[in-house]
Amino acid sequence: MPLLTLNTNQPLDDKTGLCQKLSRHTAEMLGKPESYVMVIVRDDQSMIFAGTDEPTALLELKSLGLPEDQTTGLSDSLCTLVNGLLNIPTSRIYIEFSSPARHMWGRDKRTF
């Protein structure tokens, strides 16, 4: 049930294509079926980082059982991907990782 949310202050033309790339990458990175992955992209947001409105992004990755000892590698992978796709410097990307309890995440009329 990975959920990847990307917020950026950059206007984006092909949000669907970006969602598809992020979805595939998230599934591969976490070793989960893409059929469980959801991606949300919010572009053209009012965002300031380090006092400027230069290109920036905030990613949120939520997944059941997200291993805390792998967040450094996940950060590297996601920052590199977003930099390559959107040309946002990795130093201007924040990522929030979270792993909810199974009973706190639902789908199809039940919880995990």
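Being a predicted model, the structure only gives us computed values, none of them experimental.

Peer 1: Would you explain the pattern of salt bridges in this entry?
Peer 2: Two side chains with opposite charge may pair up if their charged atoms get near one another. Applying the stated rule across the entire model yields two salt bridges. Among the salt bridges present, the one from K15 reaches D43, with a minimum N-O distance of 3.3 Å. With K15 in helix α1 (residues 15–30) and D43 in the loop between β2 (38–42) and β3 (57–62), this pair connects stretches of sequence that are 28 residues apart. Judged by relative accessible area, K15 falls into the partly exposed class, the value being 33%. Taking the shortest distance from any N to any O, the salt bridge between D108 and R110 comes out at 3.5 Å.

Peer 1: Please explain the pairing of β2 as it appears in this structure.
Peer 2: On a regular strand, each side chain points to the face opposite its neighbour's, so the side chains alternate between the two faces of the sheet. Across the two faces of β2 the burial differs, with V39 and V41 buried and M38, I40 and R42 not buried at all. Pairing of strand β1 (residues 3–8) with β2, which is carried by five bridges, proceeds in the parallel orientation. Its bridge partner being in β2, L3 is matched across the sheet by M38. Between the parallel pair β1 and β2, the chain is carried across by α1, and the sense of this crossover is right-handed.

Peer 1: Got a minute to help me understand the sheet that holds β3 in this structure?
Peer 2: Note on sheets: strands pair through backbone hydrogen bonds, and any given pair is parallel or antiparallel. In spatial order, the strands read β2-β1-β3-β4; together these four strands make up an open sheet with mixed pairing. Two strands in the sheet have a free side with no partner beyond their single neighbour: β2 and β4 (93–98). Going across the sheet, the axis of each strand differs from the next one's by a mean of 10 degrees, ignoring polarity. Two strands pair when backbone bridges link them, and β1 and β3 are joined in this way by six bridges, in the antiparallel orientation. Among the inter-strand pairings, L6 is bridged to a residue of β3, identified as L59. Seen against the sheet, α1 touches β1, β2 and β3 and runs at an angle of roughly 140 degrees to β2. The sheet contacts of helix α2 (residues 71–86) involve β1, β3 and β4, and relative to β4 the element is tilted by about 140 degrees.

Peer 1: Can you help me understand the pairing of β3 in this one?
Peer 2: On β3, burial follows the alternation: A57, L59 and L61 on one face are buried, whereas L58, E60 and K62 on the facing-out side are not. Note that β3 and β4 share six bridges and pair parallel. Considered in β4, the bridge of L61 is made with F97. As for the winding sense of the linkage, the β-α-β connection from β3 through α2 to β4 is right-handed.

Rules and cut-offs
Residues numbered from 1 in each chain as written. Predicted model: local features only at pLDDT ≥ 70, side-chain atom pairs only at ≥ 80, totals over all residues. Heavy atoms only, no water. Salt bridge = Lys/Arg side-chain N within 4 Å of Asp/Glu carboxyl O. Helix = DSSP H or I, 4+ residues; strand = E, 2+ residues; numbered from the N terminus. Buried < 20%, exposed > 50% of the residue type's maximum accessible area, 1.4 Å probe, protein only. Pairing = 2+ DSSP bridges. Right-handed = clockwise from strand over helix to strand, strands pointing away. Axes fitted to C-alpha atoms, helices over the stretch in contact; angles between N-to-C directions. Contact = heavy atoms within 4.5 Å.

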